[in-house]
Amino acid sequence: MKDEFIVSGSPHIHKKESISRIMWAVVISLIPAGLAGVIIFGLDALWVTLVAVISAVLTELTLQVWTKKKITIFDGSAVITGILLAFNLPSGVPLWLPVIGAIFSIAIGKQLFGGIGQNIFNPALVGRVFLMASWPKYMTTFVKPFSYDALTSATPLAALKEGKILEHISYFDLFLGKHGGCIGEVCILALLIGAAFLLLRGYITWHIPAAYIITTAVFIYIFGGLKLFSGDWLFHILSGGLILGAFFMATDYVATPLTARGQLIFGVGCGLLTAVIRIWGGYPEGVSYAILMMNGATPFIDRYTKNRIYGSK
Amino acid sequence: MKNLVKEFTKGIIKENPTFVLALGLCPTLAVSVSVANGIGMGLAATFVLLGSSVIISLVRNFIPGKIRIPCFIVIIATFVTITELCLKAYSPVLNRALGIYVPLIVVNCIVLGRAEAFACKNNLLSSVFDGLGMGVGFTLALIMISALREFLGSGQILGYTLIKGFEPVFVFGMPSGALLVIGLLLGLFNILKNRKS
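Predicted model, so just to flag it, every value in this text is computed and none were measured. (Residues numbered from 1 in each chain as written. Chains lettered and ligands numbered in written order. Predicted model: local features only at pLDDT ≥ 70, side-chain atom pairs only at ≥ 80, totals over all residues.)

Colleague: Any chance you could break down the overall build of chain B for me, citing the residues and the numbers?
Modeller: What chain B contains, in helices and strands, is 8 helices and 2 strands. Principal-axis analysis of the C-alpha atoms places the extent of chain B at approximately 60 × 45 × 30 Å. Expressed as a percentage of the 197 residues in chain B, the buried residues total 37%. Nonlocal contacts in chain B, meaning residues at least 24 apart in sequence, comprise 76% of its contacts between residues at least 6 apart. (Helix = DSSP H or I, 4+ residues; strand = E, 2+ residues; numbered from the N terminus. Buried ≥ 20, exposed ≤ 12 C-beta atoms within 10 Å, placed from the backbone. Contact = placed C-beta atoms within 7 Å.)

Colleague: Give me the lowdown on the overall build of chain A, citing residues and values where you can.
Modeller: Helix and strand content of chain A: 14 helices and 0 strands. For chain A, the succession of helices and strands along the chain, N to C, is α-α-α-α-α-α-α-α-α-α-α-α-α-α. Expressed as lengths along the three principal axes of its C-alpha atoms, the size of chain A is roughly 65 × 50 × 30 Å. Expressed as a percentage of its 313 residues, the buried residues of chain A come to 48%. Looking at chain A alone, contacts between residues at least 24 apart form 72% of all its contacts between residues at least 6 apart.

Colleague: Could you give an account of the nonpolar core, with specific residues and numbers?
Modeller: It is characteristic of soluble globular proteins that their nonpolar side chains tend to be buried jointly. Residues L191(A), I291(A), A45(B) and V48(B) are the most contacted members of the largest nonpolar core, which totals 119 residues. With residues near it in sequence (within four places) discarded, I291(A) still touches N122(A), L125(A), G245(A), M249(A), A250(A) and C270(A). (Core = buried A, V, L, I, M, F, W, Y, C linked by C-beta atoms within 7 Å.)

Colleague: Break down helix α13 (residues 260-280) of chain A for me, with residues and values.
Modeller: Since the α-helix packs 3.6 residues into each turn, any two residues three or four apart lie on the same face. If you check α13(A), its first and last C-alpha atoms are 30 Å apart, about what 21 residues at 1.5 Å a residue would give, namely 30 Å. On its buried face, α13(A) is in contact with α7 (156-161), α10 (207-223), α11 (233-238), α12 (242-249) and α14 (287-304) of chain A. (Expected span 1.5 Å × (residues − 1).)

Colleague: Residues and numbers for the environment of H12(A), please.
Modeller: Relative to the elements of secondary structure, H12(A) occurs in the segment before α1 (19-41). Considered as a pair, H12(A) and P257(A) are 245 residues apart in the sequence and their alpha carbons are 27 Å apart.

Colleague: Requested: an account of the interface of chain A and chain B, with residues and values cited.
Modeller: Opposite the 4 residues of chain A that make contact, chain B presents 6 residues. Among the residues making up the side of chain A that touches chain B, the classes are represented as 3 nonpolar, 1 polar and no charged. (Nonpolar A, V, L, I, M, F, W, Y, C, P; charged D, E, K, R; others polar.)

Colleague: Can you lay out α10(A) for me, pointing to particular residues and giving the numbers?
Modeller: All names here are of chain A. A rise of 1.5 Å per residue sets the reference length of α10, with its 17 residues, at 24 Å; its end C-alpha atoms lie 24 Å apart and thus fit the reference within 8%. The set of residues buried in α10 consists of H207, I208, P209, A211, Y212, I213, T215, T216, F219 and I220. Those residues of α10 that are buried are in contact with α11, α12 and α13.

Colleague: Lay out the packing of α1(A) against helix α9 (residues 188-200) of chain A in plain terms, naming residues and giving numbers.
Modeller: Residues and elements named next belong to chain A. Interhelical geometry of α1 versus α9 gives an angle of 170 degrees and a closest axis separation of 7 Å. On the basis of the axis angle, α1 is roughly antiparallel to α9. Contact residues: V26, S29, L30, P32, A33, L35 and A36 in α1; A190, L191, I193, G194, F197 and L198 in α9. Partitioning the contact of α1 with α9 into residue classes produces 11 nonpolar, 2 polar and no charged. (Axes fitted to C-alpha atoms, helices over the stretch in contact; angles between N-to-C directions. Parallel < 35°, antiparallel > 145°, perpendicular 65-115°, else oblique.)

Now the structure itself:
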(Lines give C-alpha, C1' and ligand atoms only; values in the text may rest on other atoms or scores of the structure.)
Protein backbone atom coordinates (compact mmCIF):
# COMPACT_ATOMS: atom_id res chain seq x y z
CA MET A 1 0.00 0.00 0.00
CA LYS A 2 1.31 3.42 -0.95
CA ASP A 3 1.47 6.22 1.57
CA GLU A 4 -0.29 8.73 -0.61
CA PHE A 5 -3.11 8.24 -2.96
CA ILE A 6 -2.11 10.39 -5.88
CA VAL A 7 -4.83 11.37 -8.22
CA SER A 8 -3.59 12.68 -11.53
CA GLY A 9 -5.12 13.42 -14.88
CA SER A 10 -5.76 10.69 -17.37
CA PRO A 11 -4.51 8.57 -19.07
CA HIS A 12 -4.19 5.98 -16.29
CA ILE A 13 -2.27 2.76 -16.57
CA HIS A 14 -4.15 -0.26 -15.41
CA LYS A 15 -2.06 -2.52 -13.25
CA LYS A 16 -3.00 -6.16 -13.47
CA GLU A 17 -3.28 -6.64 -9.71
CA SER A 18 -6.23 -8.29 -8.11
CA ILE A 19 -7.00 -9.92 -4.78
CA SER A 20 -6.44 -13.40 -6.13
CA ARG A 21 -3.12 -12.44 -7.80
CA ILE A 22 -1.78 -11.07 -4.52
CA MET A 23 -3.10 -14.03 -2.55
CA TRP A 24 -1.46 -16.57 -4.86
CA ALA A 25 1.78 -14.56 -4.67
CA VAL A 26 1.64 -14.93 -0.88
CA VAL A 27 1.08 -18.66 -1.33
CA ILE A 28 4.20 -18.83 -3.53
CA SER A 29 6.19 -16.85 -0.98
CA LEU A 30 5.27 -19.40 1.69
CA ILE A 31 6.54 -22.36 -0.33
CA PRO A 32 10.23 -22.09 0.73
CA ALA A 33 9.27 -22.16 4.41
CA GLY A 34 7.02 -25.15 3.77
CA LEU A 35 9.77 -27.01 1.94
CA ALA A 36 12.15 -26.27 4.79
CA GLY A 37 9.57 -27.60 7.24
CA VAL A 38 9.24 -30.84 5.29
CA ILE A 39 13.02 -31.25 5.06
CA ILE A 40 13.45 -30.63 8.78
CA PHE A 41 10.46 -32.54 10.18
CA GLY A 42 9.76 -35.11 7.48
CA LEU A 43 6.65 -35.92 5.46
CA ASP A 44 4.37 -35.47 8.48
CA ALA A 45 4.76 -31.74 8.00
CA LEU A 46 3.52 -32.06 4.42
CA TRP A 47 0.45 -34.07 5.44
CA VAL A 48 -0.47 -31.61 8.18
CA THR A 49 -0.20 -28.72 5.73
CA LEU A 50 -2.20 -30.47 3.00
CA VAL A 51 -4.94 -31.49 5.42
CA ALA A 52 -5.20 -27.95 6.77
CA VAL A 53 -5.39 -26.40 3.30
CA ILE A 54 -7.97 -28.89 2.00
CA SER A 55 -10.13 -28.51 5.12
CA ALA A 56 -9.98 -24.73 4.91
CA VAL A 57 -11.03 -24.69 1.25
CA LEU A 58 -13.78 -27.26 1.78
CA THR A 59 -15.14 -25.37 4.78
CA GLU A 60 -15.27 -22.16 2.78
CA LEU A 61 -16.99 -23.95 -0.13
CA THR A 62 -19.54 -25.64 2.13
CA LEU A 63 -20.46 -22.44 3.95
CA GLN A 64 -20.75 -20.42 0.76
CA VAL A 65 -22.91 -23.03 -0.95
CA TRP A 66 -25.04 -23.33 2.18
CA THR A 67 -25.59 -19.59 2.60
CA LYS A 68 -25.87 -19.08 -1.20
CA LYS A 69 -22.98 -16.60 -1.30
CA LYS A 70 -20.50 -16.08 -4.11
CA ILE A 71 -17.95 -18.90 -4.14
CA THR A 72 -14.53 -17.41 -3.43
CA ILE A 73 -12.40 -20.49 -2.90
CA PHE A 74 -10.29 -19.81 -5.99
CA ASP A 75 -8.98 -16.45 -4.81
CA GLY A 76 -6.43 -18.23 -2.65
CA SER A 77 -7.34 -16.61 0.66
CA ALA A 78 -8.62 -19.84 2.18
CA VAL A 79 -5.49 -21.60 0.93
CA ILE A 80 -3.33 -19.04 2.74
CA THR A 81 -5.33 -19.45 5.93
CA GLY A 82 -4.82 -23.20 5.73
CA ILE A 83 -1.09 -22.90 5.08
CA LEU A 84 -0.54 -20.34 7.86
CA LEU A 85 -2.54 -22.43 10.31
CA ALA A 86 -0.49 -25.52 9.49
CA PHE A 87 2.75 -23.53 9.76
CA ASN A 88 1.72 -22.71 13.34
CA LEU A 89 1.27 -26.35 14.32
CA PRO A 90 3.87 -28.88 15.41
CA SER A 91 4.44 -31.56 12.77
CA GLY A 92 3.51 -34.45 15.05
CA VAL A 93 -0.12 -33.51 15.70
CA PRO A 94 -2.89 -36.03 14.95
CA LEU A 95 -4.44 -35.16 11.60
CA TRP A 96 -7.88 -34.30 12.98
CA LEU A 97 -6.32 -31.32 14.74
CA PRO A 98 -5.60 -29.29 11.57
CA VAL A 99 -9.07 -30.24 10.28
CA ILE A 100 -10.82 -28.78 13.32
CA GLY A 101 -8.47 -25.80 13.38
CA ALA A 102 -9.15 -25.01 9.73
CA ILE A 103 -12.91 -25.36 10.17
CA PHE A 104 -12.79 -23.01 13.16
CA SER A 105 -10.53 -20.54 11.33
CA ILE A 106 -12.74 -20.28 8.27
CA ALA A 107 -16.17 -20.70 9.85
CA ILE A 108 -15.80 -18.65 13.04
CA GLY A 109 -12.80 -16.48 12.20
CA LYS A 110 -13.77 -15.52 8.66
CA GLN A 111 -17.19 -16.44 7.28
CA LEU A 112 -19.22 -15.52 10.37
CA PHE A 113 -17.81 -12.00 10.10
CA GLY A 114 -18.87 -11.82 6.45
CA GLY A 115 -16.12 -13.50 4.47
CA ILE A 116 -13.02 -12.12 2.82
CA GLY A 117 -12.26 -8.52 3.72
CA GLN A 118 -14.61 -8.47 6.71
CA ASN A 119 -12.77 -10.44 9.36
CA ILE A 120 -11.60 -8.52 12.43
CA PHE A 121 -8.95 -11.06 13.38
CA ASN A 122 -6.46 -13.03 11.33
CA PRO A 123 -8.38 -16.29 10.70
CA ALA A 124 -5.34 -18.58 10.86
CA LEU A 125 -4.36 -17.18 14.27
CA VAL A 126 -7.94 -17.51 15.52
CA GLY A 127 -7.74 -21.21 14.65
CA ARG A 128 -4.34 -21.62 16.22
CA VAL A 129 -5.33 -19.95 19.48
CA PHE A 130 -8.48 -22.08 19.62
CA LEU A 131 -6.42 -25.25 19.22
CA MET A 132 -3.86 -23.99 21.74
CA ALA A 133 -6.55 -23.39 24.36
CA SER A 134 -8.34 -26.66 23.61
CA TRP A 135 -5.61 -29.26 23.18
CA PRO A 136 -2.42 -27.80 24.73
CA LYS A 137 -1.00 -31.32 25.02
CA TYR A 138 -0.74 -31.76 21.25
CA MET A 139 0.12 -28.16 20.55
CA THR A 140 3.22 -28.17 22.73
CA THR A 141 4.71 -31.52 21.77
CA PHE A 142 7.39 -30.76 19.22
CA VAL A 143 9.23 -33.27 17.07
CA LYS A 144 13.01 -33.24 17.19
CA PRO A 145 14.43 -32.07 13.86
CA PHE A 146 15.79 -34.74 11.49
CA SER A 147 14.59 -37.54 13.74
CA TYR A 148 11.42 -38.02 11.64
CA ASP A 149 9.66 -39.93 14.39
CA ALA A 150 8.49 -39.78 17.93
CA LEU A 151 11.58 -38.15 19.41
CA THR A 152 10.43 -34.89 20.91
CA SER A 153 12.29 -31.79 21.89
CA ALA A 154 11.30 -28.52 23.49
CA THR A 155 11.42 -25.34 21.47
CA PRO A 156 14.32 -23.05 22.38
CA LEU A 157 11.88 -20.54 23.87
CA ALA A 158 10.13 -23.19 25.99
CA ALA A 159 13.47 -24.43 27.24
CA LEU A 160 14.43 -20.89 28.14
CA LYS A 161 11.13 -20.38 29.98
CA GLU A 162 11.63 -23.51 32.03
CA GLY A 163 15.05 -22.27 33.01
CA LYS A 164 16.89 -25.11 31.31
CA ILE A 165 20.33 -24.46 29.96
CA LEU A 166 20.12 -24.47 26.19
CA GLU A 167 21.99 -27.32 24.57
CA HIS A 168 24.39 -25.08 22.73
CA ILE A 169 22.19 -24.01 19.88
CA SER A 170 24.21 -21.61 17.77
CA TYR A 171 22.61 -18.60 16.12
CA PHE A 172 23.38 -20.25 12.79
CA ASP A 173 21.39 -23.37 13.74
CA LEU A 174 18.50 -21.16 14.80
CA PHE A 175 18.73 -19.32 11.49
CA LEU A 176 18.56 -22.57 9.51
CA GLY A 177 15.84 -24.03 11.73
CA LYS A 178 17.62 -26.99 13.29
CA HIS A 179 15.52 -27.02 16.45
CA GLY A 180 12.08 -28.05 17.65
CA GLY A 181 9.18 -25.84 16.72
CA CYS A 182 6.15 -25.39 14.52
CA ILE A 183 6.34 -26.48 10.87
CA GLY A 184 6.67 -23.11 9.22
CA GLU A 185 8.36 -20.99 11.85
CA VAL A 186 11.71 -22.71 12.30
CA CYS A 187 13.64 -21.94 9.12
CA ILE A 188 14.33 -18.21 9.21
CA LEU A 189 16.32 -18.37 5.97
CA ALA A 190 13.36 -19.76 3.99
CA LEU A 191 10.96 -17.28 5.58
CA LEU A 192 13.23 -14.37 4.67
CA ILE A 193 13.39 -15.54 1.04
CA GLY A 194 9.59 -15.50 0.87
CA ALA A 195 9.39 -12.16 2.68
CA ALA A 196 11.95 -10.60 0.33
CA PHE A 197 9.81 -11.71 -2.63
CA LEU A 198 6.72 -10.06 -1.15
CA LEU A 199 8.61 -6.87 -0.27
CA LEU A 200 10.21 -6.58 -3.70
CA ARG A 201 6.90 -7.09 -5.45
CA GLY A 202 5.40 -4.43 -3.19
CA TYR A 203 2.70 -6.68 -1.77
CA ILE A 204 3.72 -5.84 1.77
CA THR A 205 5.53 -2.77 3.06
CA TRP A 206 8.37 -2.66 5.53
CA HIS A 207 6.45 -0.72 8.18
CA ILE A 208 4.82 -3.49 10.22
CA PRO A 209 7.62 -6.12 10.08
CA ALA A 210 10.36 -3.59 10.81
CA ALA A 211 8.49 -1.90 13.65
CA TYR A 212 7.51 -5.29 15.06
CA ILE A 213 10.94 -6.92 14.99
CA ILE A 214 12.90 -3.86 16.13
CA THR A 215 10.53 -3.19 19.02
CA THR A 216 10.74 -6.79 20.19
CA ALA A 217 14.54 -6.76 19.94
CA VAL A 218 14.96 -3.47 21.79
CA PHE A 219 12.53 -4.39 24.55
CA ILE A 220 14.15 -7.79 25.04
CA TYR A 221 17.63 -6.25 24.99
CA ILE A 222 16.60 -3.90 27.81
CA PHE A 223 14.48 -6.19 29.99
CA GLY A 224 15.16 -9.74 28.81
CA GLY A 225 18.44 -10.40 30.61
CA LEU A 226 19.37 -10.84 34.23
CA LYS A 227 20.43 -7.21 34.36
CA LEU A 228 19.06 -4.31 32.39
CA PHE A 229 20.50 -3.96 28.87
CA SER A 230 21.78 -7.52 28.66
CA GLY A 231 18.96 -9.45 26.95
CA ASP A 232 19.83 -11.90 24.17
CA TRP A 233 17.84 -10.12 21.48
CA LEU A 234 19.28 -12.05 18.52
CA PHE A 235 18.21 -15.35 20.08
CA HIS A 236 14.68 -14.02 20.51
CA ILE A 237 14.45 -12.79 16.93
CA LEU A 238 15.69 -16.09 15.50
CA SER A 239 13.55 -18.39 17.65
CA GLY A 240 9.82 -18.84 17.90
CA GLY A 241 7.32 -17.48 15.44
CA LEU A 242 8.48 -13.87 15.33
CA ILE A 243 9.69 -13.80 11.72
CA LEU A 244 6.73 -15.81 10.41
CA GLY A 245 4.35 -13.60 12.38
CA ALA A 246 5.95 -10.29 11.51
CA PHE A 247 6.16 -10.83 7.74
CA PHE A 248 3.21 -13.08 6.97
CA MET A 249 0.57 -12.68 9.66
CA ALA A 250 0.94 -9.16 11.03
CA THR A 251 0.81 -7.91 7.42
CA ASP A 252 -2.63 -9.36 6.72
CA TYR A 253 -4.39 -6.69 4.61
CA VAL A 254 -7.75 -6.93 6.29
CA ALA A 255 -7.08 -6.86 10.00
CA THR A 256 -4.26 -4.29 10.08
CA PRO A 257 -4.22 -0.47 9.87
CA LEU A 258 -4.37 1.25 6.49
CA THR A 259 -1.92 4.13 6.83
CA ALA A 260 1.85 3.92 7.23
CA ARG A 261 1.64 5.71 10.57
CA GLY A 262 -1.02 3.29 11.78
CA GLN A 263 1.05 0.33 10.62
CA LEU A 264 4.06 1.58 12.60
CA ILE A 265 1.91 1.86 15.73
CA PHE A 266 0.53 -1.61 15.02
CA GLY A 267 4.03 -3.07 14.67
CA VAL A 268 5.29 -1.41 17.85
CA GLY A 269 2.25 -2.68 19.75
CA CYS A 270 2.80 -6.23 18.49
CA GLY A 271 6.48 -6.03 19.44
CA LEU A 272 5.78 -4.78 22.97
CA LEU A 273 3.12 -7.43 23.61
CA THR A 274 5.30 -10.22 22.22
CA ALA A 275 8.27 -9.22 24.35
CA VAL A 276 6.14 -8.79 27.47
CA ILE A 277 4.57 -12.24 27.03
CA ARG A 278 7.95 -13.85 26.33
CA ILE A 279 9.68 -12.27 29.33
CA TRP A 280 6.96 -12.22 31.98
CA GLY A 281 3.99 -14.15 30.57
CA GLY A 282 2.88 -17.69 31.28
CA TYR A 283 3.49 -18.89 27.73
CA PRO A 284 6.94 -19.22 26.18
CA GLU A 285 5.72 -17.62 22.95
CA GLY A 286 3.45 -14.64 22.46
CA VAL A 287 3.44 -13.80 18.76
CA SER A 288 -0.08 -15.07 17.99
CA TYR A 289 -1.66 -13.41 21.01
CA ALA A 290 0.18 -10.16 20.32
CA ILE A 291 -1.01 -10.01 16.71
CA LEU A 292 -4.59 -10.92 17.65
CA MET A 293 -4.72 -8.25 20.35
CA MET A 294 -3.41 -5.63 17.96
CA ASN A 295 -5.93 -6.84 15.34
CA GLY A 296 -8.56 -5.95 17.90
CA ALA A 297 -7.04 -2.49 18.33
CA THR A 298 -6.86 -1.82 14.58
CA PRO A 299 -10.18 0.07 14.26
CA PHE A 300 -9.00 2.53 16.93
CA ILE A 301 -5.58 2.95 15.33
CA ASP A 302 -7.29 3.59 12.00
CA ARG A 303 -9.54 6.20 13.55
CA TYR A 304 -6.66 8.21 15.02
CA THR A 305 -4.22 7.92 12.12
CA LYS A 306 -6.35 9.08 9.24
CA ASN A 307 -4.31 10.83 6.60
CA ARG A 308 -5.03 14.52 6.21
CA ILE A 309 -7.29 14.97 3.23
CA TYR A 310 -5.62 17.35 0.77
CA GLY A 311 -7.08 20.81 1.19
CA SER A 312 -8.55 20.22 4.64
CA LYS A 313 -7.23 21.54 7.93
CA MET B 1 -56.72 -17.02 30.69
CA LYS B 2 -55.33 -16.71 27.18
CA ASN B 3 -53.50 -13.58 28.27
CA LEU B 4 -51.90 -15.40 31.17
CA VAL B 5 -50.61 -18.17 28.90
CA LYS B 6 -49.13 -15.48 26.67
CA GLU B 7 -47.43 -13.80 29.65
CA PHE B 8 -45.91 -17.14 30.52
CA THR B 9 -44.71 -18.26 27.08
CA LYS B 10 -43.25 -14.96 25.95
CA GLY B 11 -40.37 -15.39 28.41
CA ILE B 12 -39.38 -18.70 26.89
CA ILE B 13 -38.88 -17.82 23.22
CA LYS B 14 -40.09 -14.41 22.04
CA GLU B 15 -38.55 -12.44 24.90
CA ASN B 16 -36.06 -15.00 26.18
CA PRO B 17 -34.00 -13.09 28.77
CA THR B 18 -30.67 -14.53 27.64
CA PHE B 19 -30.95 -14.94 23.88
CA VAL B 20 -33.28 -12.10 22.95
CA LEU B 21 -33.07 -9.49 25.70
CA ALA B 22 -29.41 -10.37 26.42
CA LEU B 23 -29.93 -9.72 30.15
CA GLY B 24 -28.23 -11.41 33.09
CA LEU B 25 -25.24 -12.49 31.02
CA CYS B 26 -22.75 -12.21 33.88
CA PRO B 27 -24.05 -15.20 35.90
CA THR B 28 -24.75 -17.01 32.63
CA LEU B 29 -21.12 -16.74 31.60
CA ALA B 30 -19.85 -17.67 35.03
CA VAL B 31 -21.92 -20.65 36.12
CA SER B 32 -22.68 -22.43 32.84
CA VAL B 33 -19.69 -24.76 33.16
CA SER B 34 -21.86 -27.74 34.09
CA VAL B 35 -25.53 -28.63 33.67
CA ALA B 36 -26.00 -29.10 37.41
CA ASN B 37 -24.80 -25.56 38.09
CA GLY B 38 -26.97 -24.23 35.29
CA ILE B 39 -30.12 -25.86 36.65
CA GLY B 40 -29.32 -24.70 40.19
CA MET B 41 -28.73 -21.13 39.11
CA GLY B 42 -31.84 -21.13 36.93
CA LEU B 43 -34.09 -22.44 39.71
CA ALA B 44 -32.64 -19.98 42.24
CA ALA B 45 -33.27 -17.08 39.88
CA THR B 46 -36.78 -18.37 39.07
CA PHE B 47 -37.65 -18.50 42.76
CA VAL B 48 -36.42 -14.94 43.29
CA LEU B 49 -38.27 -13.73 40.19
CA LEU B 50 -41.50 -15.34 41.31
CA GLY B 51 -41.26 -14.09 44.90
CA SER B 52 -40.30 -10.55 44.01
CA SER B 53 -42.95 -10.33 41.27
CA VAL B 54 -45.64 -11.36 43.76
CA ILE B 55 -44.64 -8.88 46.45
CA ILE B 56 -43.92 -6.01 44.07
CA SER B 57 -47.21 -6.35 42.21
CA LEU B 58 -49.04 -6.45 45.57
CA VAL B 59 -47.40 -3.31 46.93
CA ARG B 60 -47.09 -1.48 43.60
CA ASN B 61 -49.71 1.12 44.56
CA PHE B 62 -48.01 2.03 47.86
CA ILE B 63 -44.49 2.59 46.61
CA PRO B 64 -43.67 6.23 45.82
CA GLY B 65 -42.34 6.50 42.26
CA LYS B 66 -39.16 8.31 43.26
CA ILE B 67 -37.80 5.59 45.50
CA ARG B 68 -39.20 2.55 43.71
CA ILE B 69 -35.80 1.10 42.72
CA PRO B 70 -34.48 0.95 46.33
CA CYS B 71 -37.76 -0.64 47.37
CA PHE B 72 -37.46 -3.27 44.63
CA ILE B 73 -33.90 -4.01 45.67
CA VAL B 74 -34.92 -4.53 49.30
CA ILE B 75 -37.68 -6.93 48.27
CA ILE B 76 -35.44 -8.81 45.84
CA ALA B 77 -32.62 -8.99 48.41
CA THR B 78 -35.00 -10.57 50.89
CA PHE B 79 -35.77 -13.41 48.50
CA VAL B 80 -32.14 -13.79 47.53
CA THR B 81 -31.23 -14.15 51.21
CA ILE B 82 -33.90 -16.82 51.64
CA THR B 83 -32.51 -18.66 48.60
CA GLU B 84 -28.96 -18.43 49.81
CA LEU B 85 -29.74 -19.66 53.30
CA CYS B 86 -31.76 -22.58 51.90
CA LEU B 87 -28.96 -23.48 49.50
CA LYS B 88 -26.44 -23.36 52.34
CA ALA B 89 -28.63 -25.57 54.51
CA TYR B 90 -29.76 -28.18 52.00
CA SER B 91 -27.23 -28.15 49.17
CA PRO B 92 -23.85 -26.85 50.33
CA VAL B 93 -22.08 -28.39 47.32
CA LEU B 94 -24.18 -26.45 44.83
CA ASN B 95 -23.85 -23.35 46.98
CA ARG B 96 -20.06 -23.61 46.84
CA ALA B 97 -20.14 -24.18 43.08
CA LEU B 98 -22.31 -21.12 42.44
CA GLY B 99 -20.34 -19.04 44.93
CA ILE B 100 -20.73 -15.29 44.75
CA TYR B 101 -23.28 -15.57 41.93
CA VAL B 102 -26.11 -16.46 44.31
CA PRO B 103 -25.90 -13.19 46.31
CA LEU B 104 -25.38 -11.39 43.03
CA ILE B 105 -28.91 -12.34 41.91
CA VAL B 106 -29.86 -9.18 43.84
CA VAL B 107 -28.48 -7.08 41.01
CA ASN B 108 -29.39 -9.51 38.23
CA CYS B 109 -30.91 -7.33 35.53
CA ILE B 110 -33.54 -9.92 34.62
CA VAL B 111 -35.05 -9.71 38.11
CA LEU B 112 -34.84 -5.94 38.37
CA GLY B 113 -35.96 -5.62 34.76
CA ARG B 114 -39.15 -7.60 35.35
CA ALA B 115 -39.86 -5.64 38.54
CA GLU B 116 -39.45 -2.32 36.76
CA ALA B 117 -41.00 -3.24 33.42
CA PHE B 118 -43.80 -5.56 34.46
CA ALA B 119 -44.57 -6.31 38.09
CA CYS B 120 -44.95 -2.68 39.19
CA LYS B 121 -47.52 -2.05 36.43
CA ASN B 122 -49.58 -5.24 36.36
CA ASN B 123 -51.84 -7.19 38.67
CA LEU B 124 -50.80 -10.14 40.78
CA LEU B 125 -51.80 -12.97 38.47
CA SER B 126 -50.16 -11.71 35.29
CA SER B 127 -47.03 -10.80 37.29
CA VAL B 128 -46.80 -14.33 38.61
CA PHE B 129 -47.01 -15.80 35.12
CA ASP B 130 -44.57 -13.24 33.76
CA GLY B 131 -42.04 -13.99 36.50
CA LEU B 132 -42.44 -17.74 36.06
CA GLY B 133 -42.10 -17.51 32.29
CA MET B 134 -38.96 -15.42 32.50
CA GLY B 135 -37.51 -17.77 35.10
CA VAL B 136 -38.23 -20.83 32.96
CA GLY B 137 -36.77 -19.08 29.90
CA PHE B 138 -33.60 -18.22 31.83
CA THR B 139 -33.33 -21.77 33.18
CA LEU B 140 -33.79 -23.32 29.71
CA ALA B 141 -31.18 -20.99 28.24
CA LEU B 142 -28.76 -21.89 31.02
CA ILE B 143 -29.38 -25.60 30.46
CA MET B 144 -28.76 -25.24 26.71
CA ILE B 145 -25.51 -23.33 27.21
CA SER B 146 -24.21 -25.45 30.04
CA ALA B 147 -25.10 -28.74 28.31
CA LEU B 148 -23.10 -27.70 25.25
CA ARG B 149 -20.23 -26.45 27.38
CA GLU B 150 -20.12 -29.44 29.69
CA PHE B 151 -20.27 -31.91 26.81
CA LEU B 152 -17.63 -30.18 24.67
CA GLY B 153 -15.43 -29.09 27.55
CA SER B 154 -15.30 -32.34 29.49
CA GLY B 155 -17.12 -34.96 27.37
CA GLN B 156 -19.77 -35.43 30.06
CA ILE B 157 -23.36 -34.46 30.82
CA LEU B 158 -24.32 -34.29 34.50
CA GLY B 159 -21.19 -36.24 35.29
CA TYR B 160 -21.87 -39.14 32.90
CA THR B 161 -19.45 -39.77 30.06
CA LEU B 162 -21.34 -39.83 26.77
CA ILE B 163 -18.77 -40.86 24.17
CA LYS B 164 -15.72 -42.88 25.03
CA GLY B 165 -12.47 -41.64 23.54
CA PHE B 166 -13.80 -38.12 22.99
CA GLU B 167 -10.97 -35.62 23.48
CA PRO B 168 -12.43 -32.73 25.49
CA VAL B 169 -12.17 -29.28 23.95
CA PHE B 170 -10.77 -27.48 26.99
CA VAL B 171 -11.61 -24.04 25.71
CA PHE B 172 -15.33 -24.61 26.32
CA GLY B 173 -14.66 -25.04 30.03
CA MET B 174 -13.08 -21.60 30.13
CA PRO B 175 -14.81 -18.18 30.12
CA SER B 176 -13.84 -17.68 26.48
CA GLY B 177 -15.76 -20.85 25.64
CA ALA B 178 -18.85 -19.41 27.37
CA LEU B 179 -18.63 -16.30 25.20
CA LEU B 180 -18.26 -18.44 22.08
CA VAL B 181 -21.26 -20.63 22.91
CA ILE B 182 -23.50 -17.71 23.91
CA GLY B 183 -22.52 -15.76 20.79
CA LEU B 184 -23.25 -18.67 18.48
CA LEU B 185 -26.58 -19.45 20.16
CA LEU B 186 -27.57 -15.77 20.00
CA GLY B 187 -26.80 -15.81 16.29
CA LEU B 188 -28.83 -18.99 15.85
CA PHE B 189 -31.79 -17.41 17.66
CA ASN B 190 -31.59 -14.38 15.38
CA ILE B 191 -31.49 -16.57 12.26
CA LEU B 192 -34.58 -18.47 13.42
CA LYS B 193 -36.36 -15.22 14.28
CA ASN B 194 -35.59 -13.66 10.89
CA ARG B 195 -36.73 -16.77 9.08
CA LYS B 196 -40.08 -16.60 10.88
CA SER B 197 -40.80 -12.97 10.05
